[in-house]
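Summary of structural features
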Amino acid sequence: MRHLIIIAATLALLGCGPEEEPTPTRAAAENYHRELRGYEYHEDVMRDSEGTHYYAQSALSGYFRTDDEDLPASLTELASSGCQIPRPEETDALYIVHIGGSEQQAPIHYITNQALNDAAERMVSAYVQREGDMPAYARFKAGRTMPITNVVVTEREKPVFLVLISQGDLIWSLQPAKGTQIRQIVALTPGMLGFAHLPEGTEVHSLYGRSLARCGIKPARMPKEHWSFVRNVKESSYGQDLLAENRKRARDFDRWMRETFDLGFYSAVEGLHLSNALIGPMPSSEDARTPYRPLSGSAVLLSPSDFVMAASKKTFSSQSETLVRQTATEAAGGSLSNLVARGN
């Protein structure tokens, strides 16, 4: 990371930490929004590899949704691995999570130089068009916020081999129960990748962004009947070629998964947006739940970007605007007013 910024949250009053999130009253299996490529599940919904729905509160004691004050203690660059993917051992329990993203967002943000330059260009263009008369509401920002998904591991019979796949930016927050062992993690995403609470001794093979593309790996989820995209195609003649192309990409990725991990039939924890994944059995009682590990005070590993910031959304928005203005001002020769004075 060429620029790394950690900004502390306002200190909370002693004894006033976050309380456990109340469990939603709606059935977990019905708590979603249908989108083009699947279901975006409520922030508290948890699924397992058999497709059973729960709420995170059933598996995690003291659970609460990540918020602006849930800041990590540090951000460290996550190295990318090579194209030779490790395979599970015969004694491992293999679990796969394949999701598009998450409804929960961490107070961790990033900006690429490209995004910064694009936003500065928009600002310069608007300034010239308005001849310097910019309205107070005009905002020029760049950057993205990292989504986060909790991976609750309760499998105790065997060492766990985790394959974690996301279709975009994602931080995986590991929540292992006492007595579990996560021996190996293979994480794949075309976007930014991060880990929180990575257990000591766990081996990680991570491929993200361009490194994933260089290895020729193209994660794709198989279109399903409940997707709005699939329904729309069936109700009209439009999009048949696109659906066929999506299915082909998914079959190609499925073939790669089978060959890479020596799989026969396999199932995965799936969802377009899923904020909590269960690896193993659901705890038998409230007392058997795993204590929730928040981001607060943790060490987060994150793939590199040009600017990385741990901060509230409000602080990040302000810092982003400042960076865009500085970039635009530099491009204008030290002052935006120069643009109008030159007559473009």
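Parameters at a glance
Residues numbered from 1 in each chain as written. Predicted model: local features only at pLDDT ≥ 70, side-chain atom pairs only at ≥ 80, totals over all residues. Heavy atoms only, no water. Core = buried A, V, L, I, M, F, W, Y, C linked by side-chain atoms within 4.5 Å. Buried < 20%, exposed > 50% of the residue type's maximum accessible area, 1.4 Å probe, protein only. Contact = heavy atoms within 4.5 Å. Pairing = 2+ DSSP bridges. Helix = DSSP H or I, 4+ residues; strand = E, 2+ residues; numbered from the N terminus. Expected span 1.5 Å × (residues − 1). Phe/Tyr/Trp six-rings, centres within 6.5 Å; stacked < 30°, edge-to-face > 60°. Lys NZ or Arg CZ within 6 Å of the ring centre and 35° of its normal. Salt bridge = Lys/Arg side-chain N within 4 Å of Asp/Glu carboxyl O. Polar contact = N/O pair within 3.5 Å; in protein donor to acceptor, adjacent residues only side chain to side chain. pLDDT = per-residue confidence, 0-100. Axes fitted to C-alpha atoms, helices over the stretch in contact; angles between N-to-C directions. Parallel < 35°, antiparallel > 145°, perpendicular 65-115°, else oblique. Left-handed = near helix turned anticlockwise from the far one by under 90°. Nonpolar A, V, L, I, M, F, W, Y, C, P; charged D, E, K, R; others polar.

With that settled, consider the nonpolar core. Residues Leu162, Leu164, Trp172, Phe195 and Ile279 are the most contacted members of the largest nonpolar core, which totals 28 residues. If sequence neighbours within four positions are ignored, Leu162 has contacts with Tyr95, Val151, Val153, Leu174, Ile182, Gln184, Ile185, Val186 and Ile279. One finds Phe140, Ala311, Ala332 and Leu339 within the second-largest nonpolar core, a separate group that totals 19 residues.

The next point concerns the pairing of strand β3 (residues 38–41). Successive residues of a regular strand alternate their side chains across the two faces of the sheet. Across four bridges, strand β2 (residues 32–35) lies against β3 in antiparallel orientation. Residue pairing in the sheet places Arg34 in a bridge with Tyr39 of β3. Hairpin connection, β2 to β3: the antiparallel pair is bridged by two residues.

Residues that lie three or four places apart on an α-helix share one face, since the helix turns once every 3.6 residues. Relative to the 27 Å expected for 19 residues at 1.5 Å per residue, helix α5 (residues 313–331) spans 27 Å between its end C-alpha atoms, a close match to the ideal helical length. Next to the buried residues of α5 lie β9 (105–111), α1 (113–129), β10 (144–153) and β20 (307–310). Gly333 sits one or two residues past α5 and shows a positive phi near 85°.

The final tally for this structure, using the stated rule, is eight aromatic pairs. Look at Tyr32 and Tyr41: their rings are 6.0 Å apart centre to centre, the planes differ by 75°, and that puts the pair in the edge-to-face class. Among the aromatic side chains, those forming a connected cluster through ring pairs are Phe161, Phe253, Trp256 and Phe261. Just above the ring of Phe229 sits the side chain of Arg37; from NZ or CZ to the centre is 4.9 Å.

Our focus in this paragraph is the pattern of salt bridges. It is possible for side chains bearing opposite charge to pair when their charged atoms get close. Counting across every chain of the model gives 11 salt bridges. With a shortest N-O distance of 3.8 Å, Glu21 and Arg65 are connected by a salt bridge. Of this pair, Glu21 sits in the loop between β1 (3–6) and β2 while Arg65 sits in the loop between β6 (60–61) and β7 (74–77), placing them 44 residues apart in sequence. Taking the relative accessible area as the measure of exposure, Arg65 reaches 26% and is therefore partly exposed. Connected via shared salt-bridge partners are Glu21, Asp44 and Arg65.

Let us look at the side chain of Asn150. For Asn150, the location among the structural elements is in strand β10. For Asn150, the contacting residues outside a window of four places in its chain are Tyr63, Gln104, Ser173, Gln175, Ser275, Asn276, Ala277 and Tyr292.

Right, let's get into unusual backbone geometry. For His197, which is not glycine, the phi dihedral falls at a positive 60°. Tracing the chain through its elements places His197 in the loop between β14 (193–196) and β15 (203–208).

What follows concerns the environment of Ser275. When you line up the elements, Ser275 lands in the loop between β16 (269–273) and β17 (276–279). The class of Ser275 is buried, set by a relative accessible area of 0%. Residues Ser275 and Ile99 lie 176 residues apart in sequence; the distance between their C-alpha atoms is 9.4 Å. Only 2.9 Å separates the side chain of Ser275 from the side chain of Ser102, close enough to count as a polar contact.

Of all residues in the chain, 92% have pLDDT values of 70 or greater, and the mean over the chain is 91. A low-confidence stretch, residues 10–15 (pLDDT under 50), is modelled with one contact involving residues beyond four sequence positions or located in other chains.

Locating Thr154 in the fold gives a position in the loop between β10 and β11 (160–166). Looking at Thr154, the relative accessible area reads 4%, which means it is buried. Within the structure, Thr154 has its side chain in polar contact with the backbone oxygen of Pro281 (distance 2.6 Å). Excluding anything up to four places from it in sequence, Thr154 contacts Ala177, Thr180, Leu278, Ile279, Gly280 and Pro281.

Following both chains from N to C, one finds helix α3 (residues 228–235) and helix α4 (residues 240–261) inclined at 140°, their axes separated by 9 Å at the closest point. Relative to α4, the element α3 lies oblique. Between α3 and α4 lies a crossing whose hand is left-handed. Across from Phe229, Val230 and Val233 in α3, the residues of α4 making contact are Gln240, Leu242, Leu243, Asn246 and Arg247. Its residues placed into classes, the contact of α3 with α4 shows five nonpolar, two polar and one charged.

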